[in-house]
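Fold and contact review
Below are the chains, spelled out letter by letter.
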Amino acid sequence: MAKVPKPNELVFDYNPPQKWWMDTKPEFRPGTWCYPGKAKNAEVLGLPNPREWSPLDEDWKLPSNWKEIIFEGMRDCLNKYRSLRVFMDICVRCGACSDKCHFYIGSGDPKNMPVLRGELLRSVYRKDFTLAGKIMGRIAGARELNEEVVKEWFYYFFQCTECRRCSVFCPYGIDTAEITIMGRELLNLLGVNIDWVLGPAANCYLNGNHLGIQPHAFKDMIEFFVEEIEAVNGIRIEPTFNRKGAEVLFITPSGDVFADPGTYTLMGYLMLFHEIGLDYTWSTYASEGGNFGLFTNHDTMKKLNAKMYAEAERLGVKYIIGGECGHMWRVIQQYMDTMNGPADFLEVPRSPITGTVFDNAKSTKMIHIVEFTADLIRNGKLKLDPSRNDHLRVTYHDSCNPARAMGFFDEPRYVIKNVCNNFWDMPPNCIREQTFCCGSGSGLNTDEFMEMRMRGGLPRANAVKHVHDKHGVNMLSCICAIDRAVLPPLMDYWVPDVDVTGVHELVGNAIVMEGETERTTDLRGNPLEGMEDMSDEDL
Amino acid sequence: MGLEQFLAGDKPALARAWFDLILGTYPPETSALLQKDKNQFANPVGYTLSQSLSGIIDEMLGGFDHEKVLPLVDQVVRVRAIQDFSPAQAVGFVFLLKKIVRNRAEEGIREKRVSPNEVLAFESKIDQLALMAFNVYTGCREKLYELRVNEVKNRTFRLLQRASLIAEIPEQDTQLKNGKDSIT
Ligand code: SF4
Ligand code: SF4
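Description of the site of ligand 1
All names here are of chain A. All residues in the neighbourhood of ligand 1 are listed as C91, V92, R93, C94, G95, A96, C97, V115, C170, P171, Y172 and I174. When atoms are counted within 2 Å of each cavity's grid points, the one that captures over half of ligand 1 is the second largest cavity. Taken together, the residues that form the shell around ligand 1 break down as 10 nonpolar, 1 polar and 1 charged.

A short note on the site of ligand 2
Residue and element names in this part refer to chain A. Around ligand 2, a shell composed of C101, H102, P114, R117, C160, T161, E162, C163, R164, C166, T176 and A177 is seen. Mapped onto the shell around ligand 2, the elements with two or more residues apiece are α6 (114–129) and α10 (176–189). A per-class count over the shell around ligand 2 returns 6 nonpolar, 3 polar and 3 charged.

Concerning empty space enclosed by the protein
A probe matching the size of a water molecule, rolled over the atoms, marks out where space remains unfilled. Residues and elements named next belong to chain A. Here the structure, examined in full by the defined rule, presents 6 cavities of 30 Å³ or more. In this structure, the largest cavity encloses a volume near 160 Å³. C400, N401, G441, S442 and C480 are, among the 20 residues lining the largest cavity, the residues nearest its centre. Elements represented by at least two residues in the lining of the largest cavity include exactly α16 (327–339), α18 (400–406) and α22 (481–494). No other element matches the 3 residues that α18 contributes to the lining of the largest cavity.

A closer look at the packing of aromatic side chains
What characterises a pair of aromatic rings is the spacing of the ring centres plus the angle enclosed by the ring planes. All names here are of chain A. Evaluation of the coordinates by the stated rule reveals 26 aromatic pairs over all chains. Note on W33 and Y35: the rings are 6.0 Å apart at their centroids and 65° apart in plane angle, and the pair reads as edge-to-face. Note on Y35: relative accessible area 43%, which makes it partly exposed. Their ring planes at 90° and their centres at 5.1 Å tell us that F250 and W282 sit as a pair that is edge-to-face. Taken together, the residues F250 in strand β1 (residues 248–251) and W282 in strand β2 (residues 280–282) connect sequence positions 32 residues apart. When its relative accessible area of 1% is taken as the criterion, F250 is described as buried. By the ring-pair criterion, three or more aromatic residues cluster together here, those being F28, W33, Y35, W53, W60, F154, Y155, Y156 and F158.

Topic: the interface of chain A and chain B
Tallying the contact residues gives 55 residues for chain A and 45 residues for chain B. Between chain A and chain B, the buried area comes to about 4400 Å², and carbon and sulfur atoms account for 56% of it. Here chain A and chain B share 7 salt bridges between them. Residue D492 of chain A pairs with K143 of chain B through a salt bridge whose shortest N-O separation is 3.1 Å. Where chain A touches chain B, the interface holds 13 residue pairs in polar contact (both at pLDDT 80 or more). For the side of chain A that touches chain B, the class distribution of residues is 30 nonpolar, 11 polar and 14 charged.

Rules and cut-offs
- Residues numbered from 1 in each chain as written.
- Chains lettered and ligands numbered in written order.
- Predicted model: local features only at pLDDT ≥ 70, side-chain atom pairs only at ≥ 80, totals over all residues.
- Heavy atoms only, no water.
- Near = heavy atom within 4 Å.
- 1 Å grid on protein atoms, 1.4 Å probe; cavity = no way out; pocket = protein on both sides within 12 Å on 5 of 7 lines; lining within 4 Å.
- Sits in = over half its atoms within 2 Å of the grid points.
- Nonpolar A, V, L, I, M, F, W, Y, C, P; charged D, E, K, R; others polar.
- Helix = DSSP H or I, 4+ residues; strand = E, 2+ residues; numbered from the N terminus.
- Points joined across faces, edges and corners; volume = space filled by probe spheres on them.
- Phe/Tyr/Trp six-rings, centres within 6.5 Å; stacked < 30°, edge-to-face > 60°.
- Buried < 20%, exposed > 50% of the residue type's maximum accessible area, 1.4 Å probe, protein only.
- Contact = heavy atoms within 4.5 Å.
- Buried area = accessible area lost by both parts, 1.4 Å probe.
- Salt bridge = Lys/Arg side-chain N within 4 Å of Asp/Glu carboxyl O.
- Polar contact = N/O pair within 3.5 Å; in protein donor to acceptor, adjacent residues only side chain to side chain.

Encoded structure:
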């Protein structure tokens, strides 16, 4: 018979223990950590210490000289990246960043405060790289590196989406996202990583995209969307693949090709390019805009980024247009130039339709589709019927990377306002450079992490709920493929009546195409306002 | 004088005391944050908590309309259901109200303004609140697992559809759907 608990065993403790942060340990509860990287994926990427292991095991099977490896790795990073040395030294623990992290706001776990996340690494740095720490130890905020520290790093560096919101509030400009990036880089030296990052990175390295989709399947999928567009407005689009001599190479995250609702955004791209007669091609080899190398280590990021440019060179295009992706733009904007650039074999992007030269991409030769479209609209080159989005009441989530890494605030709003009649922004402290993360970025968008994702996404969802209650908003737009994948479950949990879309899906709905038949539905097959009966009859 | 009336004398203090006890279920740094910032967007958990608790208190001392109470309980439990709490801790905040009401009622009983039976009756209302919280909690956890399943399905759905590995019943097949053509 099952043991019946005594009454006193049923009493639960309301109050958590009050201990100093160095004396608490993470508890690996399901939902708060991601599955570890598989050996086969680590092998493909040439990462150290490939093995099967679990964070729940006592023994993480670290290499025998793991401490040495970490210290060596730290020394290397400190020498290579001056920013890291500065971030390690200048934090005055003022706390301005502490309540700015969505994971802290949502979880209430103090080690999700950016300042403490940084301390996880800083404490070890102090102990071994500063005199004060060597002599005074704990009093100077220094601590010994041991396996518990590594476990704690794994737990908390994979509870940071590298969104950089905290850095906006730090008076010294300390970027905790960069600290996390270094933390993950060090962990990778020991073979401590997560499979949701390693798997996509390995697939991308071998097959060109995160899911490991072969070229023929990739082409097939896009042709499938061609049929879907034809069903909506009778227009037959003929995209080309791996076509040498095209003017533009278009690269978007593979999520747009394989997962709803990104697929509708992809239809928007196809429709737009067809309508303006852009001379462009898709590549079935550079079939991924995302770069999970950014979440692994610098080497992997560089490798995956190089592939896009190698393909542009092979095809002989003039420049690249990139789709609605988040971290792809962080890589392009902030790292590409010193990593694989400058891309001198390409030309400075110039819109063939408007003649606008995109000097901002002078060196990377890659422009964002939203700036490209905004320029088309501004020059009156698109015929738009925003009333086709009248069944939608839209708000906009500034995806972290385009927002904070590119300062990309106005272009998306400009496009949305031209293709929709009903738009409301969320309150000022939740948008633009202060935007709240979706809670699932930087490779944490895996299903086993769902509970933590709901915590991290709480502040964003809370702001959406506000505009939903106040203005009846029913559509959350964004320009990131991870957002499009993770915001639907987030909404489902917190604000169930709100759906998610990419900006170019809205463009696809509104664009009036030469020779099209009258539309009765939007790209999803939902009836347009006033067409509810028509589409029923169509069935 | 009824207990409700007696307690209604200082409604805000009642809500505040409950709020404070709930704050104690968070680590000290966090409870400081939850009460410090009054901005609805910078401090969504603290804000939601304090708004919902005073709403619940209003209802407890007023009509106790279930339709009004449920969304308020939902707001609190939906947050606690995904935070680092055991199920008991997540819904147990409701019982903290008993502690407060007993403390306050004591004086009323002494002064014979409140009868002990009224306290018992009020505690039954708190029990109902707890059951509501339990329902919401279970719903939230089920939702969490449903989200996981849906995500895994959606990840490959388009691909399977394209590869014709899924034999979908087309919408037009209403006959079949309505069971008119049943196999007999
Ligand atoms: S705001 Fe900057 S200086 Fe202040 S605690 Fe945070 S990281 Fe340190
Ligand atoms: S980068 Fe984002 S997730 Fe990471 S600590 Fe800062 S606010 Fe939190």
